[in-house]
Amino acid sequence: VAADGTRVFTLDAREGSSQFLDDATTATWGFNGDFLGPTLRAERGEQVAVEVTNSLPEATSVHWHGMHLPATMDGGPHQSVEPGQTWRAEWTINQPGATLWYHPHPHGRTEQHVYKGLAGLFLLDDGETEAAGLPSAYGVDDIPVIVQDKSFDDGELTIDDGGNEVGLLGSTIMVNGTIGAVLDVTTEIVRLRILNGSTARTYSFGFDDRSFTLVATDGGLLRAPVELDRIRLSPAERAEILVRMEPGTETMLHSFKPELGRVVVPFAVGGNDEFDVLRLRAADSLTPSAEPAAAFTEFGLDAETATTTRTFQLQDREINGQRMDLGRIDESVYVDTTEIWEVRNQDLSPHNFHVHDVQFEIVDIDGDAPPPELAGRKDTIYTEPQRTYRLVMRFEEYTDPAMPYMFHCHLLRHEDEGLMGQFVVL
Ligand code: C2O
Ligand code: CU
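Everything quoted here is computed from the prediction, not taken from an experiment.

### Topic: the coordination of the copper ion (ligand 2)
In the first shell of the copper ion (ligand 2), the protein supplies H351 (ND1), C409 (SG) and H414 (ND1), at 2.0 to 2.1 Å from the metal. Positions of the donor residues of the copper ion (ligand 2), expressed as sequence spacing, correspond to H-x57-C-x4-H. Its relative accessible area of 0% is what places C409 among the buried residues.

Dropping the structure here:
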């Protein structure tokens, strides 16, 4: 913390080498280390600054995914950091407590940079997350779970540029950079903050032998805890879940075959894949855990107050028939207004949709109210083929006629190939 109270972080994006498999090291990228990056953490109301140094051999950028901040601080493709340069982003945290993350966003190169290892969590706290009664000892009963799929060839991390309709689907699952990850649980309830940090794969997380309690999604707490058997997460989505353990027992967090919707060839886009993700191994005696609160928080944007409806057709690598152009502003919105964004996946293969700067709510999906796991504050949603998602969002605080924010598919190859657009807040 600097003298003026600013909480200052430093991130150095650099080349490294990692040993994921026995007897083999492989080239990787990381922030301040060889692979992935440190968990950053701040409280609502705090002024934060991040000094990002690029020690890589090529330009990159660092985007604060899910964060409400000025467009010049967003870390998108317009905030490119050249090799050897340092970029300072500074803003005030003004949004609910949540599990956010950060990752590079260089134009056309995002898949490569994230895949090689550049990503980390950015946790926000506030009074409501404290009052929710959730396990909160980081690394003890509050556990980051960054899930990524990778490909290896002779121990070498490989990126298959051919890929398929969604991008790269690896057959090796990592949690926080570890293959075959095991968590030693010492408390009756453990909170997993799951991030789908994969470039293309959609998962359906759950257990064979128990349900779990979903407490938060992308933008923070749900209104109340929800009991579930499965949660589907497409790239960049987050879910905070509570898992109850009995002393001396084990269970496995799996990824089951994900429901991808009306896709033409499910097996070609990961629809038939199942994985063990994280083994939970409880100690012979467990520290008692408090039960979470019965209700967490109130929120809700009123779709009736929306002044504008915009439509976004996702098809192939285009939105509304256009590929991303850094020099073109696709949408201009006004500050202090509420809008409906109607997003439709026109293809018969997966896409998802992410909007910078805001957390939105799903009004309806083909006219139906969203299921409880999609009823919270979101910045990224899976878009099933041939369905229409109506999202309500409100633009607040920051305006900049010259610097846009992005909206895009977070299947990173799609994003890199043009499934992205730009909006300014006036
Ligand atoms: Cu997580 Cu525009 O990105
Ligand atoms: Cu896509």
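### What about the packing of aromatic side chains?
The geometry of an aromatic ring pair is captured by the separation of the ring centres together with the interplanar angle, meaning the angle of the planes. Tallied over the full model, the rule gives 21 aromatic pairs. Centre to centre, the rings of F20 and F35 are 4.9 Å apart; their planes meet at 75 degrees, and the pair counts as edge-to-face. Separated by 15 residues along the polypeptide, F20 in strand β1 (residues 7-21) and F35 in the loop between β2 (24-31) and β3 (40-43) bring together distant segments of the chain. Side by side, F20 and F35 carry an identical accessibility label, which is buried. On the basis of an interplanar angle of 85 degrees and a centroid distance of 6.1 Å, the ring pair of W64 and F122 is categorised as edge-to-face.

### Points about the domain arrangement of the protein
Many structure descriptions define interface size as the accessible area lost when the parts assemble. Taken domain by domain, the protein comprises domain 1 (7-131), domain 2 (142-287) and domain 3 (303-425). Counting residues at the interface gives 27 residues for domain 1, matched by 25 residues for domain 3. For domain 1, the biggest contributors to the area lost against domain 3 are H68, H78 and E111; these three give 27% of the whole. For the pair domain 1 and domain 3, the interface holds 1 salt bridge. Here R413 ties to E111 by a salt bridge, and the two come within 3.0 Å at their closest N and O atoms. Remark: the boundary between domain 1 and domain 3 carries 22 residue pairs in polar contact (both at pLDDT 80 or more). Taken together, the elements giving at least two residues each to the side of domain 1 that touches domain 3 come down to β5 (63-65), β7 (98-103) and α1 (110-115). Here the residues of the side of domain 1 that touches domain 3 are counted per class, giving 10 nonpolar, 14 polar and 3 charged.

### Brief notes about the layout of surface pockets
When its volume is computed, the largest pocket comes out at roughly 430 Å³. Lining of the largest pocket is provided by 18 residues; of these, Q95, P96, Q359, R394 and E396 occupy positions nearest its centre. Residue classes in the lining of the largest pocket are distributed as 5 nonpolar, 6 polar and 7 charged. Split by domain, the residues of the lining of the largest pocket number at least three in each of domain 1 (7-131) and domain 3 (303-425).

### Looking at the sheet that holds β2
In any sheet, the strands associate via hydrogen bonds between backbone groups, in a parallel or an antiparallel arrangement. Spatial strand order, β2-β1-β4-β6: 4 strands in an open sheet with mixed pairing. With partners counted over all chains shown, the strands left at the sheet margins are β2 and β6 (86-92), one partner each. Pairs of neighbouring strands in the sheet enclose a mean axial angle of 25 degrees, with direction left out of account. Pairing analysis gives 7 bridges linking β1 to β2, with the strands arranged antiparallel. Opposite E15, over in β2, you have W29 as the bridge partner.

### Topic: the nonpolar core
Formed by 34 residues in total, the largest nonpolar core has its most connected members in W341, F353, V355, L391 and F423. Among the elements of the structure, β22 (308-315), β25 (337-345), β26 (351-355), β27 (361-365), β28 (380-383), β29 (388-395), β30 (405-408) and β31 (420-425) are those that each provide at least two residues to this core. When residues in this core are grouped by element, the largest group, 4 residues, is from β29. Viewed by domain, this core spans two of them, domain 2 (142-287) and domain 3 (303-425), each represented by three or more residues. Those residues in contact with F353, other than ones at most four positions away along the chain, are F312, L314, W341, V343, F360, D379, T380, I381, T383, L391, F407 and H408.

What counts, and at which threshold
Residues numbered from 1 in each chain as written. Chains lettered and ligands numbered in written order. Predicted model: local features only at pLDDT ≥ 70, side-chain atom pairs only at ≥ 80, totals over all residues. Heavy atoms only, no water. Donors = N, O, S within 2.8 Å, 3.2 Å for Na, K, Ca; no water. Buried < 20%, exposed > 50% of the residue type's maximum accessible area, 1.4 Å probe, protein only. Phe/Tyr/Trp six-rings, centres within 6.5 Å; stacked < 30°, edge-to-face > 60°. Helix = DSSP H or I, 4+ residues; strand = E, 2+ residues; numbered from the N terminus. Domains from an automatic or database assignment. Contact = heavy atoms within 4.5 Å. Buried area = accessible area lost by both parts, 1.4 Å probe. Salt bridge = Lys/Arg side-chain N within 4 Å of Asp/Glu carboxyl O. Polar contact = N/O pair within 3.5 Å; in protein donor to acceptor, adjacent residues only side chain to side chain. Nonpolar A, V, L, I, M, F, W, Y, C, P; charged D, E, K, R; others polar. 1 Å grid on protein atoms, 1.4 Å probe; cavity = no way out; pocket = protein on both sides within 12 Å on 5 of 7 lines; lining within 4 Å. Points joined across faces, edges and corners; volume = space filled by probe spheres on them. Pairing = 2+ DSSP bridges. Axes fitted to C-alpha atoms, helices over the stretch in contact; angles between N-to-C directions. Core = buried A, V, L, I, M, F, W, Y, C linked by side-chain atoms within 4.5 Å.

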